[in-house]
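# Remarks on the overall topology
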Amino acid sequence: MLRTGILLLLPFMMAASDGLYAKRGEPWIEIYGRDRQEADPDNVPVFINRVDERTFNGKFEVRKLAVGKHEIIFQTTRLHKAKRKAFTQTLTIDAKPCMRYYVSAYHVSRTS
């Protein structure tokens, strides 16, 4: 029974090393979407939905990404009042080694 469990996990572990994540011993980057300015009510955290072709459902942080260009799709945690859906934004970054990126969204109210 234990051997079957190990054999089933092996393909998933191999799929995770597709070039999106940094290899062991190489520099990496981190992206955080939870940090925001607490004093500003229009500044909200963001979810990281996709990095390149890899989907992350509802994650606030992605760690140990490989250095280089990445296309990241963010989604705000606050819904649009009239449309009742979240905003999404695509951002392409050229990530430098050993960096930590903090991302948040800024909602501007047109009625104030």
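Preceding this paragraph is the structure being described.
In this report, we go over the structure that sits alongside the text. Keep in mind that what you see is a predicted model, and the values were worked out from it rather than measured.

Let us now look at the nonpolar core. Judged by nonpolar contacts, the single largest core of 16 residues is most densely connected at I31, I48, V51, L65, I72 and F74. Those elements that place two or more of their residues in this core are β1 (28-32), β3 (46-51), β5 (61-66), β6 (68-79) and β7 (86-95). At 3 residues, β3 tops the list of elements feeding residues into this core. Here F74 is in contact with I31, V46, F47, I48, F87, T88, Q89, L91 and V103, once residues within four sequence places are set aside.

Summed over all chains, the structure comprises 4 salt bridges. R63 is paired through a salt bridge with E61; the nearest N and O atoms lie 3.1 Å apart. Close ionic contact of K96 with D94 constitutes a salt bridge, the shortest N to O distance being 3.5 Å. Judged by its relative accessible area of 46%, K96 falls in the partly exposed class. For D94, a relative accessible area of 41% corresponds to the partly exposed category.

Parameters and conventions
- Residues numbered from 1 in each chain as written.
- Predicted model: local features only at pLDDT ≥ 70, side-chain atom pairs only at ≥ 80, totals over all residues.
- Heavy atoms only, no water.
- Core = buried A, V, L, I, M, F, W, Y, C linked by side-chain atoms within 4.5 Å.
- Buried < 20%, exposed > 50% of the residue type's maximum accessible area, 1.4 Å probe, protein only.
- Helix = DSSP H or I, 4+ residues; strand = E, 2+ residues; numbered from the N terminus.
- Contact = heavy atoms within 4.5 Å.
- Salt bridge = Lys/Arg side-chain N within 4 Å of Asp/Glu carboxyl O.

What is shown is where atoms sit, not what they do.
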